[in-house]
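# A look at the structure
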Amino acid sequence: VQLVESGGGLVQAGGSLRLSCAASGRTFSSYVMGWFRQAPGKERELVSAVSRSGAAIYYVDSVKGRFTISRDNSKKMVSLQMNSLKPEDTAVYYCAGDRFIATMTQSSSNLEVWGQGTLVTVSS
């Protein structure tokens, strides 16, 4: 599986952006998918993750109620709808995938596939 993100950009605080991640390969539905972000000078953090079927979803506390993750296995896509954006959401956002949820949540440095990243900048 290979991943390509799109949808980043510059937005004012309170605005919205939708990030998309397109996957190639035949086994997308076998992967737990997630969105990470890394702001300058900060550690990478898991923002949201979705199970293979889409039934189980995780959000970091700071984005709950504002961000929504979704996946479409038929289109091999995972998206992150980001509303009510704040300046502290500014970061490079990465789409990532792995066959195991534990790797996604506990050992992100070992994740099987990563996208190239897309920059989200939220101005105040």
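You'll find the structure just up there.
To start, this report covers the structure provided alongside it. Keep in mind that what you see is a predicted model, and the values were worked out from it rather than measured. (Residues numbered from 1 in each chain as written. Predicted model: local features only at pLDDT ≥ 70, side-chain atom pairs only at ≥ 80, totals over all residues. Heavy atoms only, no water.)

## Side note on the pairing of strand β5 (residues 45-50)
Within a regular beta strand, the side chains point alternately toward one face of the sheet and then the other, so they alternate between its two faces. Counting buried residues in β5 gives 5 out of 6 residues, a clear majority hidden from the surface. Relative to β5, strand β4 (residues 32-38) runs antiparallel, the two sharing 5 bridges. Across the sheet, Arg37 pairs through a bridge with Glu45, a residue of β5. As consecutive antiparallel partners, β4 and β5 are separated by 6 residues, and within that stretch Gly41 has a phi angle of approximately 75°, a positive value. Sheet analysis places β5 next to strand β6 (residues 57-59), joined by 3 bridges and oriented antiparallel. For Ser48, the partnering residue across the bridge sits in β6 and is Tyr59. (Buried < 20%, exposed > 50% of the residue type's maximum accessible area, 1.4 Å probe, protein only. Helix = DSSP H or I, 4+ residues; strand = E, 2+ residues; numbered from the N terminus. Pairing = 2+ DSSP bridges.)

## Remarks on the nonpolar core
Membership of the largest hydrophobic core comes to 28 residues, with the highest contact counts inside it found for Met33, Trp35, Phe67, Val78, Leu80, Met82 and Tyr93. Residue assignment for this core shows that the elements contributing at least two residues are β3 (17-24), β4, β5, β7 (67-72), β8 (77-82), β9 (91-98) and β11 (118-123). Sorting elements by how many residues they give to this core places β3 first, with 4 residues. Excluding residues that lie within four positions of it along the chain, Met82 makes contacts with Gly15, Ser16, Leu17, Leu19, Arg66, Phe67, Tyr93 and Val120. Formed by 7 residues, the second largest nonpolar core is a distinct cluster that contains Val32, Ala96, Met104 and Leu111. (Core = buried A, V, L, I, M, F, W, Y, C linked by side-chain atoms within 4.5 Å. Contact = heavy atoms within 4.5 Å.)

Note that all results are geometric; they support no functional claim without further evidence.
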